[in-house]
Amino acid sequence: MELLERSTKIESPGVLKAGNPGKSLAYWQGRAAEIAQIQQWLTDKNTFLIGIEGIGGTGKSMLAAKIYNEIEGFPKRFWADVSYGAGFSDLARQVLREFSFPVPEQEAQLMQALVKCLQSGQYLLIIDNLESLLQPDRQWGSQFYSDFFQAWVEHGGNSKVIVTTRERPELKGFEWLPLKGLQVEEGVALLTVLGIRGDLRDFVKLVGGHPLLLRLVADLLKAEYSQDADLSRLADLGLGNLRQLLTDSQVVGIHRWENVGMVLVLDASFNRLNELQKALLLNISVYRGGVESAAAVAVLPGSSETEIERELRNLVKRSLLVEKLNGKRRFDFQPVVLEYVRYQAGDQTQAHQRAINYYLLNVKQKPWRTKEDIKEYLEIFYHWFQLEKYDSAFNILQSCDVFLTLRGYYTVQVDLYRQLIAVWEKTIETANWKYRDVLASLGNPYNSLGLYQQAIECCHQSLEISRQIGDRNTEGKSLANLGNAYNYQGKYQQAIECEHQSLEIAREIGDRNLESLSFMNLGNTYNSLGLYQQAIGCYQQSLEISRQIGDRYTEGKSLGNLGNAYNYLGQHQQAIGCYQQCLEIAREIGDRNTEGISLGNLGNAYNYLGQYQKAIEFFQQCLEIVREIGDRNSEALSLMNLGNTYNYLGQYQKAIEFFQQCLEIAREIGDHNTEGKSLANLGAAYNSLAKYQRAIEFCQQSLEIVRQIGDRNSEALSLMGLGNAYNFLAEYQRAIEFHQQSLEIVREIGDRNSEGKSLNNLGLAYLNQRQYQRAIEFFQQSLEVATKIGDHDTQGKSLNNLGNAYLHQRQYQQAIEFFQQSLAIAREIGDRLVKSASLCNLGNAYNSLGQYQRAIEFFQQSLEIKREIGDIRGEAIVWLNLGLSLENLNRESDALGAYRNARELFQVTGIDDNVQLCNNAIKRLSQPKTPVVSRRGFWEWLRWLWRWVCSWFRR
């Protein structure tokens, strides 16, 4: 009888039974007071969580089903039965899909998404059998559920969450309804409608109105005495002493009467079954979730499937099973009946073994695509685990571990491996090499989920044990994963130390796979530090080894990382070649993580080439994949890349939204590297919006973080952003100091791509000081670097800036030559942004020469491109310039329209100073007898405009 006082054993990650309750309310009786109380809570704006608590069989689920089916005011509702220890991720995903809300895959983001989803509408979510998720001490078996409930209580909304449970979790914020048995009249009504006769009132009082017990008694009497279903017949069923047992304090002891009665009635019901029915119940109880007749036959050989299904349906009539028809007929237990049957079964070794054999015969062959394809393996893991054959459970998990990694099912890996770790620690089997291997391996899914501290703790544990017992292989693996975690946290020196140690061990023990991995990890850290030549050397060694040993996974990763180093060095075509090879391998082996990263890398390469729409397409594909598989780190990077591209296109608010999302994730997962870059990019976006003080704040925050973690590349980026902001504020000397510091760093780390940009920025600062010759020198140096490394983006901008420098010196023909060269490069590489800028500048040059009609032609060509690519700010600048040319031709009406178009677009971008510039022009033209703009007025205009035009060339 004690078993019915316990919570159901946690079986995570288990089976989620979701959708609709699937419970018949045909014999519903009473509960008016309870329904009224729940209705009151459902209309209370300050109540977000409602709990229905009671012992097994009191009708908690039936009451919740009544509310679910009949309550008004909730256009959408969802039922989730977690009686088999369903994982939070499965529940959250299904709820989000049902409520038509975007579905992230990772645990941490799923909790936030589910809260936001519930806040977005008026939904009803019912979680049935919550006790299955609790430990015996009422603590949560899964922290994700606890986090969700706490977040929902804190934030709340118009939606309501109802749970049913036998045990209250240690959590505040619930309104609890303790559910007892039916009232006497309600119990009598239930027995009457079920066709039972006798002293109904006395019996209902005796059993405390326990609904399931009443139903079991009624079904037992009808099954045995269909013509005379009278309570007096209970004595014939071995329940003649029920009153004595239920009132004897020595029998009842500390137990509730209902539980004692339930066990007695279940005993009587079970004893009246035929041998096949008994065996059927005992054996199918080893399964999780609904059971098909074929699965039942597998654990009970010797009977036909037809015979087995007939007996299963007979057990439904006795309320010992519940039948559900959803495509296939399935049979399931009431939780309290399941516990009783498992208790009666005792040793279920043979049944578990037969279940394992059944699943082995039904496993799906590769290639696998979703978790559903490996569900048989996960069930086999469960049965080995129940048999306490933990080594066998580990082995079956290993057979699909690579698939789980490649498809990004990191949370499943964490849940299953944590189960093994818990039992090995409890049984003091920590000397088992599999225990150490699991600890070390957990570093990978934790890193991919952005849970770096957990990764570090696991790797340290594994490392300590491995060193104690001299397990060099696991020691090397632990060091490699530890280095990865430190790299993600921006702790580069610690990462390098771990990776060098890992490499040394790999060579010592002759583990070529670990050697390849160590070289790749070391290359990643050098890349993070901006030491690209060292990184390339490491990647090439990793690539060579992986090809020698036929390791396609590491080969693909090495190619992708090699492409990154080439990209940073400005060798974009070489980078694209590496990325394409990497993408091909990733798709060949089903590595979704690397597929997503490869797409993102291709986007970066095309960004550098100025092919922004193509870049956006790759970034969007990447974002879709990494969100699907739950790779938080890559998700943040994808958002940042999209932000950069929209910044290039002049869509600054959209860029800021992406940078903010990236920053939020980076801070959440503790990725200081990405946090620093996000802040620097936010600074760049606010620079473009002419909000320079805000830009300076973001760049300074970035600078502080990246200096702490030793990220030299991002330090240069932050200094560059500060230099640009002070340049716009006309504090040119201060700007030059920041750009000089940036240039010094990028030259030190060998970042040729950023070197070209720093030289360009220095040139712009000197140009603003009207030190034209000095500016030209820096633009020439920038052009030289960009030409050498094949950085067409910076090459085109350098040529444009050289043209502007000569334009300021009124050397128009030289300016036009440079603009024409820039235009030729842009057309060659398909960079429409640089092409439109070159056309605009040509228009400026011909405007200066007084060839206004020709200038207008160039402006119109530039305008057409700006519109096509969505460069709002660039379009506004062209309209402004076009207005000036039209005004010079005395086409005042057309000029007025151009200025108004420019003003409208500048208002969209949020640049108030430019709006005022347009207003001044409109006001001037609106006055009578508008004079033609003089050459002197033109130059004042051009100087005013120059500060805004040059901002594009700083990016």
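Residues numbered from 1 in each chain as written. Predicted model: local features only at pLDDT ≥ 70, side-chain atom pairs only at ≥ 80, totals over all residues. Heavy atoms only, no water.

**Student:** When you look at the overall build of the chain in this model, what are you seeing that I'm missing?
**Tutor:** The helix and strand tally for the chain stands at 47 helices and eight strands. Scored against the burial criterion, the 955 residues of the chain give a buried share of 61%. Restricting to contacts in the chain with at least 6 residues of sequence separation, those with at least 24 account for 65%. Surface summary for the chain: the accessible area is close to 37400 Å², and the carbon and sulfur share equals 46%. (Helix = DSSP H or I, 4+ residues; strand = E, 2+ residues; numbered from the N terminus. Buried < 20%, exposed > 50% of the residue type's maximum accessible area, 1.4 Å probe, protein only. Contact = heavy atoms within 4.5 Å. Areas by Shrake-Rupley, 256 points an atom, 1.4 Å probe, with all protein chains shown as cover.)

**Student:** Help me understand helix H3 (residues 88–98), please; the structure alone is not making it clear to me.
**Tutor:** Of all 11 residues that make up H3, eight are buried, and the element is covered over most of its length. Three or more residues of H3 are buried, namely Phe-88, Ser-89, Asp-90, Leu-91, Ala-92, Arg-93, Val-95 and Leu-96. One or two positions beyond H3, positive phi appears at Ser-100, with a value near 55°.

**Student:** What is the right way to look at the packing of aromatic side chains in this model?
**Tutor:** A complete count under the given rule lists 26 aromatic pairs for this structure. Between Tyr-692 and Phe-728 the ring centres are 5.0 Å apart and the planes differ by 15°, which places this aromatic pair in the stacked class. One end of the pair, Tyr-692, is in helix H34 (residues 692–709); the other, Phe-728, is in helix H35 (residues 712–728), with 36 residues separating them in the sequence. For the pair Tyr-692 and Phe-728, a shared accessibility class is recorded, and that class is buried. (Phe/Tyr/Trp six-rings, centres within 6.5 Å; stacked < 30°, edge-to-face > 60°.)

**Student:** Help me understand the environment of Gln-811 in this model?
**Tutor:** Structurally, Gln-811 can be placed in the loop between helix H39 (792–808) and helix H40 (812–829). A residue is classified by how much of its surface remains accessible, and Gln-811, at 30% relative accessible area, is partly exposed. Sequence separation between Gln-811 and Ala-845 is 34 residues, and the spatial gap between their C-alpha atoms is 9.3 Å.

**Student:** I tried to follow the confidence of the model for the chain on my own but got confused; where do I start?
**Tutor:** Detailed conclusions should not be drawn from predicted coordinates in areas where pLDDT is low. Here the chain averages 84 in pLDDT, while 89% of its residues score no lower than 70. Overall, residues 930–941 carries pLDDT values under 50, and its contacts beyond four positions in sequence, including any with other chains, amount to 26 contacts. (pLDDT = per-residue confidence, 0-100.)

**Student:** I would appreciate a short explanation of the environment of Gly-563 in the present structure.
**Tutor:** Assignment of secondary structure puts Gly-563 in helix H27 (residues 552–568). As for Gly-563 and Leu-602, which are separated by 39 residues in sequence, their C-alpha atoms are 9.2 Å apart. Leaving out residues up to four positions away in the same chain, Gly-563 has contacts with Ala-575, Cys-578 and Tyr-579.

**Student:** Any chance you could explain the state of the cysteines here in plain terms?
**Tutor:** Disulfides are covalent bonds that connect the sulfur atoms of two cysteines. In this structure the tally under the stated criterion is zero disulfides. We note that Cys-498 lacks a disulfide partner, and the nearest cysteine sulfur, in Cys-459, lies 8.8 Å from it. (Disulfide = S-S within 2.5 Å.)

**Student:** Sorry if this is basic, but what is going on with H34 here?
**Tutor:** In an α-helix, one turn spans 3.6 residues; hence positions three or four apart end up facing the same way. In this model H34 runs 26 Å from its N-terminal to its C-terminal C-alpha over 18 residues, within 8% of the 26 Å that 1.5 Å per residue would give. Turning to H34, its buried residues number three or more, namely Tyr-692, Ala-695, Ile-696, Phe-698, Cys-699, Ser-702, Leu-703, Ile-705, Val-706 and Ile-709. One or two positions beyond H34, positive phi appears at Gly-710, with a value near 75°. (Expected span 1.5 Å × (residues − 1).)

**Student:** I keep staring at the environment of Arg-867 and nothing clicks. Help me out?
**Tutor:** Mapped onto the secondary structure, Arg-867 falls in helix H42 (residues 852–869). What makes Arg-867 partly exposed here is its relative accessible area of 48%. Apart from residues lying up to four places away in sequence, Arg-867 is in contact with Glu-875 and Trp-879.

**Student:** Just to check I follow, could you spell out the pattern of salt bridges for this structure?
**Tutor:** Counted according to the given criterion, the structure contains 43 salt bridges. For the salt bridge of Glu-372 with Lys-375, the shortest nitrogen-to-oxygen distance reads 3.0 Å. Residue class for Glu-372 comes out partly exposed when judged on its relative accessible area of 46%. Note on Lys-375: relative accessible area 36%, which makes it partly exposed. (Salt bridge = Lys/Arg side-chain N within 4 Å of Asp/Glu carboxyl O.)

**Student:** Where do I start with the side chain of Asn-432 in this structure?
**Tutor:** Looking at where Asn-432 falls in the secondary structure, it is placed in the loop between helix H19 (410–426) and helix H20 (433–441). Accessibility expressed as a relative area gives 15% for Asn-432, which makes it buried. Setting aside residues up to four positions removed in sequence, Asn-432 forms contacts with Asp-391 and Trp-424.

**Student:** Explanation requested: the packing of H20 against helix H23 (residues 472–488) in the structure shown.
**Tutor:** Angle between the axes and distance between the axes: these two values describe a pair of packed helices. Following both chains from N to C, one finds H20 and H23 inclined at 15°, their axes separated by 9 Å at the closest point. Judged by the inter-axis angle, H20 sits roughly parallel to H23. Both H20 and H23 take part in a crossing whose hand is left-handed. Residues Arg-436, Asp-437, Ala-440 and Ser-441 of H20 touch H23, and the partners they reach there are Thr-474, Lys-477, Ser-478 and Asn-481. For the contact of H20 with H23, the per-class residue count stands at one nonpolar, four polar and three charged. (Axes fitted to C-alpha atoms, helices over the stretch in contact; angles between N-to-C directions. Parallel < 35°, antiparallel > 145°, perpendicular 65-115°, else oblique. Left-handed = near helix turned anticlockwise from the far one by under 90°. Nonpolar A, V, L, I, M, F, W, Y, C, P; charged D, E, K, R; others polar.)

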